[in-house]
Amino acid sequence: MIFLSKLNQQKAIVSMADFSATAVTQLLDRASAFKAGAQAQVQEPTFAANLFFENSTRTHTSFSIAEQRLGLKTIEFSPQSSSVQKGETLYDTCLTMAALGVQLLVIRHPENAYYQQLLGQAYLPVALINAGDGSGEHPSQSLLDLLTIREEFGHFAGLKVAIVGDLAHSRVARSNMEILQALGAELYFSGPAQWYQTQFDRYGEYRPLDELVGAVDVLMLLRVQHERLESAENQTFSAAAYHQAYGLTEARAQRLQPQAIIMHPGPINRDVELASSLVESPHSRYYEQMQNGVYVRMAMIETVLQANDVKFKSNRRVTQ
Amino acid sequence: MIFLSKLNQQKAIVSMADFSATAVTQLLDRASAFKAGAQAQVQEPTFAANLFFENSTRTHTSFSIAEQRLGLKTIEFSPQSSSVQKGETLYDTCLTMAALGVQLLVIRHPENAYYQQLLGQAYLPVALINAGDGSGEHPSQSLLDLLTIREEFGHFAGLKVAIVGDLAHSRVARSNMEILQALGAELYFSGPAQWYQTQFDRYGEYRPLDELVGAVDVLMLLRVQHERLESAENQTFSAAAYHQAYGLTEARAQRLQPQAIIMHPGPINRDVELASSLVESPHSRYYEQMQNGVYVRMAMIETVLQANDVKFKSNRRVTQ
Amino acid sequence: MIFLSKLNQQKAIVSMADFSATAVTQLLDRASAFKAGAQAQVQEPTFAANLFFENSTRTHTSFSIAEQRLGLKTIEFSPQSSSVQKGETLYDTCLTMAALGVQLLVIRHPENAYYQQLLGQAYLPVALINAGDGSGEHPSQSLLDLLTIREEFGHFAGLKVAIVGDLAHSRVARSNMEILQALGAELYFSGPAQWYQTQFDRYGEYRPLDELVGAVDVLMLLRVQHERLESAENQTFSAAAYHQAYGLTEARAQRLQPQAIIMHPGPINRDVELASSLVESPHSRYYEQMQNGVYVRMAMIETVLQANDVKFKSNRRVTQ
């Protein structure tokens, strides 16, 4: 089953590294079908638990909506009011959910690769989707980025894509480098030098933003993640200075090619990564990225549950 | 569309000032129909998000229940575990909700007129109901008060209504003054002088509670909002002294006319605004107000969504 | 109606003391039927509110799932974002829920016998299930323990059951003593002497764990509840020392009889009450206890709502 983690016999989507190019194409096709009005509903009562150990609006809400569009019942787990406060481990919390009949866990956790302690456990016969681990992976974000690019250009081969900003702490940047390269895109990087790592050299070239802005098809701006920076870095950080040096200012935006699109995973720091006036500009696909997130997550959930023998009633009729 | 805000082209209910007397009557009629057993259900999956940036039990739960009675799916947004913690603005949070497919936002926010930054935005094609803004407005509370009065007396013209207490910080008091005057009621005010403002003179007369208590049809007691008082005011505040001077004591309640009703928006500070023994007395309509809140909110939601082209299956059959 | 509290005319399950042996049998039979695939659905929209004033994962989630499996709509009440923060009393919060149309309250509260202030109140025409009160009762936990034992042995009479550990603070221990004695089991106790009370003498004998471990059919390990211990006790508490003196070590587990089962209410302090390696050992019924919790709670909810004249569509077909 190509969509699933190579690490184990369980049904899980934890890393973009598990996806072949073919698998990506199939999943994006299914997401596009959902966007065009295809419907699917679980045949029996099925429960999903969203275990979010980090703050989130768009990813959390997007998964909730995707689950409910597929007819799942959603359990919202709040670490603050749970037995996690009594010292319960992540594994034991997941064990509890499985015992209670939950069939899908969607987990966001501050620890990198937290899912390693869960995969392959005999007592966790439950599907798992990684909704973000520390500074590691965020596969649903990568997939919604890919869908947004494919909707715009119809292909990936030969597209010039620049990824700009906090490459060090981003859990999207590295996944996107790998998969975009595999799909044939030409990659460039920019942003503060201290956030660039030489290991990225094999994916693309590091260049000043002013060189890239007039040349690329896709400009992916990464969020400055104040919550992940050392406090010393936060103290010296100047929003205005960052914006001038590494942000998409209005002046730089004038030099974008007509077909170029701006992307951002959100939440945006307005007037830092990009000028506030550009968030809803014709070049921006910020809104479309969020829209596509629901459809991509529906495709991920359906895939991982079907691999777990959950049956869906499907309706390919396009109504929108 | 008479029910909707005059401020913009969006579908929103943000202020009682947008309602004509006819519009109020139509909405109360629909709420009464729901109470009598009429049913309505959305025809397609429709999501509502409750964005409560202030603590609330009755308003929040009441909206959740109203939404679910109409077949909506409810997204409960918790500011504490959201990207608001990462500095996301209210506008950007709402933008996210709209992009994710949410069609109705119900918002309570500590900032007066927060909705001004949302109305008329092209990228927010979503219906909006104001569930309370700072010390501003609280239209669903006003409407449930009106329904409770109308159920009791069948009309508003000529009714003597006293509004007593924290007129300065109440978001219900001002809305109710305007709409009750427009509907023909005769208004009186009472309570601490420092909470009375001369701008209220045009709606009614300020009198000692002992003069009013034997004369009125409706006694609306306002909550002492400790969370909105300056800390100096809180330090000197004496519950017992307030109760004796401005509260409905058991002695004062003896002088109520037989037809008079007591109202309170909740939560009650027992033995402050009114004696604890009176909360469930025959004169009290506290319980009925809460009951009516669900039906009024169903009418508000149906109205604002229909204006947004959401289709309902309606059933006028009265089953209760 | 045998399942209901003797204290009042309301529909409530608050204490195991209200259950006759016959009532227990009927309720366990219904839970077993649900486990075997029987289904029941409320005929009209029915709302349950889960009011959890203490942290909980398994009990809270288990009730949510049980409610939704029966077709109820669940209101998740969070004390942190409610009017409780404005000083609202428990009674007034429940009054609000009843007025809003909630028909079932499931309450966990840190105060012993909190439900006494709710029972018999004329304005609370709502069903009530106690999901744990202070160090008092926890009837749904007792019932799931009983179901797990009955599944294993088919009967209670003559079974040797040891209850080990924090007998003083456990809200399960005392309920289980009474009901297991009534059902004919032979009881033994063990654990730290300071947590043993002479009032337990009438239910069974206090013995060293090493005497019991090779003799019993059921070994019920109680959780060390750090959150209920005095801070002085917590400071001197040694997990390793407790484990050696009163815990189920791997060495002790070797001496269990082949038919013996290990039970624990969760969350487990691994390597305190029992060795981590034993949590999923063949003797352990930890997972089955959690599974059974959902079915027992479905039976409790159905029972208490039917007594409140809520109608269910039932389907006795066994599908699993």
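Cut-off values and rules
- Residues numbered from 1 in each chain as written.
- Chains lettered and ligands numbered in written order.
- Predicted model: local features only at pLDDT ≥ 70, side-chain atom pairs only at ≥ 80, totals over all residues.
- Heavy atoms only, no water.
- UniProt positions renumbered as here; feature names shortened; annotations may be inferred.
- Phe/Tyr/Trp six-rings, centres within 6.5 Å; stacked < 30°, edge-to-face > 60°.
- Buried < 20%, exposed > 50% of the residue type's maximum accessible area, 1.4 Å probe, protein only.
- Lys NZ or Arg CZ within 6 Å of the ring centre and 35° of its normal.
- pLDDT = per-residue confidence, 0-100.
- Contact = heavy atoms within 4.5 Å.
- Buried area = accessible area lost by both parts, 1.4 Å probe.
- Salt bridge = Lys/Arg side-chain N within 4 Å of Asp/Glu carboxyl O.
- Polar contact = N/O pair within 3.5 Å; in protein donor to acceptor, adjacent residues only side chain to side chain.
- Helix = DSSP H or I, 4+ residues; strand = E, 2+ residues; numbered from the N terminus.
- Domains from an automatic or database assignment.
- Least-squares fit on C-alpha atoms with pLDDT ≥ 70 in both.
- Nonpolar A, V, L, I, M, F, W, Y, C, P; charged D, E, K, R; others polar.

As annotated in an unreviewed UniProt entry, chain A carries the name Aspartate carbamoyltransferase and comes from Lapidilactobacillus achengensis. For chain A, the Subunit (unreviewed entry) comment in UniProt is given as "Heterododecamer (2C3:3R2) of six catalytic PyrB chains organized as two trimers (C3), and six regulatory PyrI chains organized as three dimers (R2)." For the record of chain A, the UniProt heading Catalytic activity (unreviewed entry) holds the text "carbamoyl phosphate + L-aspartate = N-carbamoyl-L-aspartate + phosphate + H(+)".

Draft legend 1. Here's a closer look at the packing of aromatic side chains. A full pass over the atoms with the stated rule returns 27 aromatic pairs over all chains. Taking the centre distance of 5.4 Å and the plane angle of 80° together, the rings of Tyr114 of chain B and Tyr115 of chain B count as edge-to-face. Accessibility classification places Tyr114 of chain B together with Tyr115 of chain B in one group, the buried group. On the basis of an interplanar angle of 45° and a centroid distance of 6.0 Å, the ring pair of Phe189 of chain B and Tyr196 of chain B is categorised as tilted. Owing to a relative accessible area of 0%, Phe189 of chain B belongs among the buried residues under this scheme. One aromatic cluster is present, built from ring pairs that chain together Phe189, Tyr196, Phe200 and Tyr206 of chain A. Here the basic side chain of Arg30 of chain C rests over the ring of Phe34 of chain C, its NZ or CZ set 4.2 Å away from the ring centre.

Draft legend 2. Representation of the confidence of the model for chain A in the model. Overall, the predicted model of chain A reaches an average pLDDT of 91, with 95% of residues at or above 70. The model gives residues 1–9 of chain A a pLDDT under 50, and that stretch makes 29 contacts with residues more than four places away or in other chains.

Draft legend 3. Looking closely at the interface of chain C and chain A. At the junction of the two partners, chain C supplies 21 residues and chain A supplies 25 residues. Interface of chain C and chain A: buried area, both sides summed, is about 2,300 Å²; carbon and sulfur atoms make up 55% of it. Measuring nitrogen to oxygen at the nearest pair gives 2.6 Å for the salt bridge that ties Arg270 of chain C to Asp92 of chain A. Across the chain C-chain A interface, the total number found is four residue pairs in polar contact (both at pLDDT 80 or more). Elements supplying a minimum of two residues to the side of chain C that touches chain A: helix 2 (58–69) and helix 10 (286–306) of chain C. Looking at the side of chain C that touches chain A, the element that brings in the most residues is helix 2 of chain C, giving seven residues.

Draft legend 4. The arrangement of the UniProt feature "binding site: L-aspartate" (unreviewed entry) in chain A in detail. Following the UniProt record, the feature "binding site: L-aspartate" (unreviewed entry) maps to Lys86, Arg171 and Arg223 of chain A here. Across 138 residues, the annotated set is spatially dispersed, with a maximum C-alpha separation of 33.6 Å. Checked against the element boundaries, Lys86 of chain A lands in the loop between strand 4 (73–77) and helix 3 (90–99). Classification of Lys86 of chain A as partly exposed rests on a relative accessible area of 21%. Setting aside chain neighbours within four positions, we find Lys86 of chain A in contact with Asn55, Arg108, Arg223, Glu227 and Pro267 of chain C. Summarising the element assignment, Arg223 of chain A is placed in the loop between strand 10 (218–221) and helix 7 (231–236). According to the relative accessible area criterion, Arg223 of chain A is buried, its value standing at 5%.

Draft legend 5. Representation of the domain arrangement of chain A. Residues and elements named next belong to chain A. In terms of domain boundaries, chain A breaks down into domain 1 (12–137 + 291–315) and domain 2 (139–285). Across the boundary between the two partners, domain 1 contributes 32 residues, which contact 24 residues of domain 2. Approximately 2,200 Å² of surface area, both sides summed, lies buried where domain 1 meets domain 2, with 60% of it carried by carbon and sulfur atoms. Its largest share of buried area at the contact with domain 2, domain 1 owes to Met16, Leu28 and Asn292, together 27% of the area lost on that side. Here domain 1 is connected to domain 2 by three salt bridges. Across the pair Glu54 and Arg171 runs a salt bridge whose closest N-O atoms are separated by 3.1 Å. Here domain 1 and domain 2 share 11 residue pairs in polar contact (both at pLDDT 80 or more) between them. Elements represented by at least two residues in the side of domain 1 that touches domain 2 include exactly helix 1 (21–35), helix 2 (58–69), strand 5 (102–109), strand 6 (127–133) and helix 10 (286–306). Looking at the side of domain 1 that touches domain 2 element by element, the count peaks at nine residues for helix 1.

Draft legend 6. Layout of the relation of the copies chain B and chain A. For the match of chain B to chain A, the screw axis carries a shift of 0.0 Å, the RMSD comes to 0.0 Å, and the turn is 120°. Such a combination of turn and shift is consistent with a three-fold rotation axis. Residues of chain B ranked by C-alpha distance from the rotation axis are headed by Glu76 of chain B, positioned 5.4 Å from it.

Draft legend 7. Inspection of helix 3 of chain A at higher detail. All names here are of chain A. Of all the 10 residues making up helix 3, 10 are buried; the element is thus mostly covered by neighbouring parts of the structure. Of the residues making up helix 3, those classed as buried are Leu90, Tyr91, Asp92, Thr93, Cys94, Leu95, Thr96, Met97, Ala98 and Ala99. Positive phi shows up at Gly101, right after helix 3, with a value of about 100°.

Draft legend 8. Just the environment of Arg285 of chain A, in detail. Residues and elements named next belong to chain A. Secondary-structure assignment places Arg285 in the loop between strand 11 (261–263) and helix 10. In this structure the C-alpha to C-alpha distance between Arg285 and His264, which are 21 residues apart in sequence, comes to 7.9 Å. Here the side chain of Arg285 touches Pro282 through a polar contact of 2.7 Å, landing on its backbone oxygen.

Draft legend 9. Region of the structure containing the interface of chain B and chain A. Taken together, the 25 residues of chain B in the interface contact 22 residues of chain A. Buried surface at the junction of chain B and chain A, both sides included, amounts to about 2,300 Å², of which 55% is carbon and sulfur. It is Lys86, Leu100 and Tyr123 of chain B in chain B that bury the most area against chain A; as a group they hold 31% of the surface buried on that side. Counting across the interface, chain B meets chain A through two salt bridges. Among the elements of the structure, strand 4 (73–77) and helix 3 (90–99) of chain B are those that each provide at least two residues to the side of chain B that touches chain A. In terms of residue count, the dominant contributor to the side of chain B that touches chain A is helix 3 of chain B (seven residues). Counted by class, the side of chain B that touches chain A contains 14 nonpolar, seven polar and four charged residues.

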